[in-house]
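Understanding the architecture of this molecule
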Amino acid sequence: MLALYVICQSFAYSQISLNEFMASNNTILCDDYDEFDDWVELGNSTLDTINLFGWYISDDQSDPFKHEILDSIYILPDSVIIMWADNDPEQGINHLSFKLSSQGEEIIISNPDQFQVDHIIFGEQISDISYGRSPDFFGEWGTASSVIRTTATTSTSTTTTT
């Protein structure tokens, strides 16, 4: 029974992907603080809700565990969630401890077992133009129009850790 659980968990981990990002957001999408911060969209291509508690996201291959998600953030089936890359983690559980560089860099997501499940290395970005996958979750990367494709349907809750 335990072996089946491990296999299913491993499969679920591989279904979280980097879906879209904007490394120079000046006028397109603002957070709850009315700030136009960089953002990363994570996608769940499964039919199951996935909790991101214990996952890692980074903009530095030499420090792939730069930001650990320490609260429960649930991504509903076949949905996406926005994580704000604003270096303002005190603004909430979906705010990361780093910013993206519009000059180019990388984004890495790793599961709680510290296994890298997705990454992208990108070059210089144009302001207010996102870079994403088409089709969602596993498609080819390319620039998106200035109209955001994101339709986030997510649920979040906070857990207390000791």
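First, a word on scope: everything that follows refers to the structure included in this document. (Residues numbered from 1 in each chain as written. Predicted model: local features only at pLDDT ≥ 70, side-chain atom pairs only at ≥ 80, totals over all residues. Heavy atoms only, no water.)

1. Digging into the pattern of salt bridges
To be explicit about the condition: Here, a salt bridge means any side-chain nitrogen of Lys or Arg that lies within 4 Å of a carboxyl oxygen of Asp or Glu. In this scheme, a residue with accessible area under 20% of its type's maximum is buried, one over 50% is exposed, and one in between is partly exposed, where area comes from a 1.4 Å probe on protein chains only. Starting at the N terminus, helices and strands are each numbered in turn, a helix being any DSSP run of H or I of at least four residues and a strand any DSSP run of E of at least two.
Under the defined criterion, the tally for this structure stands at two salt bridges. For aspartate 59, the salt bridge goes to lysine 66, with nearest N and O atoms at 2.6 Å. With relative accessibility at 33%, the residue lysine 66 sits in the partly exposed group. Across the pair aspartate 118 and arginine 133 runs a salt bridge, and its minimum N-O distance is 2.7 Å. Of this pair, aspartate 118 sits in strand 9 (residues 116-122) while arginine 133 sits in strand 10 (residues 131-134), placing them 15 residues apart in sequence. Using a relative accessible area of 10% as the deciding quantity, one classes aspartate 118 as buried. Arginine 133 sits in the buried class, given a relative accessible area of 10%.

2. Here's the deal with the nonpolar core
Defined as follows: Take the buried residues of types Ala, Val, Leu, Ile, Met, Phe, Trp, Tyr and Cys, join any two whose side-chain atoms come within 4.5 Å, and each joined set is a nonpolar core. Note on contacts: a residue pair qualifies if any of its non-hydrogen atoms lie within 4.5 Å across the two residues.
Formed by 24 residues in total, the largest nonpolar core has its most connected members in Phe21, Val40, Leu42, Leu52, Leu100 and Ile107. Of all elements in the fold, only strand 1 (16-22), strand 2 (38-44), strand 6 (73-75), strand 7 (79-85), strand 8 (105-110) and strand 9 reach the threshold of two or more residues within this core. Dropping the residues within four chain positions of it, phenylalanine 21 is found in contact with Trp39, Val40, Leu100, Ile107, Ile120, Phe122, Gln125, Ser130, Tyr131 and Trp141.

3. Quick notes on unusual backbone geometry
Cis geometry marks the peptide bond from serine 134 to proline 135; its omega dihedral reads 0°. Within the element layout of this structure, proline 135 appears in the loop between strand 10 and strand 11 (140-143). Here the phi dihedral of aspartate 34 falls at roughly 60°; this positive angle occurs in a residue that is not glycine. Within the secondary structure, aspartate 34 is located in the loop between strand 1 and strand 2. The phi torsion at aspartate 128 lies on the positive side, around 65°, for a residue other than glycine. Within the secondary structure, aspartate 128 sits in the loop between strand 9 and strand 10.

4. Remarks on the sheet that holds strand 2
Heads up, the condition is: Here the rule is simple: two strands pair whenever DSSP picks up at least two bridges between them. Between N-to-C directions, angles cover 0 to 180 degrees, with each direction set by a line fitted to C-alpha atoms, over the stretch in contact for helices.
One open sheet accounts for five strands, arranged 7-2-1-10-11; its pairing is antiparallel. The sheet terminates laterally at strand 7 and strand 11, the two strands that pair on one side only. Shown here is a sheet whose adjacent strand axes are inclined to one another by a mean of 35°, direction ignored. Where strand 10 and strand 11 come together, four bridges link them in antiparallel fashion. Directly across from arginine 133, in strand 11, lies its bridge partner tryptophan 141.

5. Brief notes about the sheet that holds strand 9
Taken together, the four strands give an open sheet; going across it, the order is 5-4-8-9, and neighbouring strands pair in antiparallel fashion. Among the strands making up the open sheet, the edge pair consists of strand 5 (67-68) and strand 9. Pairing of strand 4 (residues 56-58) with strand 5 involves two bridges; the strand directions are antiparallel. Bridging from a neighbouring strand, isoleucine 57 pairs with histidine 67 of strand 5.

6. Focus on the environment of phenylalanine 115
Here phenylalanine 115 shows up in the loop between strand 8 and strand 9. With a relative accessible area of 55%, phenylalanine 115 lands in the exposed category. Taking the C-alpha atoms as reference, phenylalanine 115 lies 9.4 Å from tyrosine 56; in sequence the two are 59 residues apart. With residues near it in sequence (within four places) discarded, phenylalanine 115 still touches Ile109 and Ser110.

That's the geometry; what it means functionally is another story.
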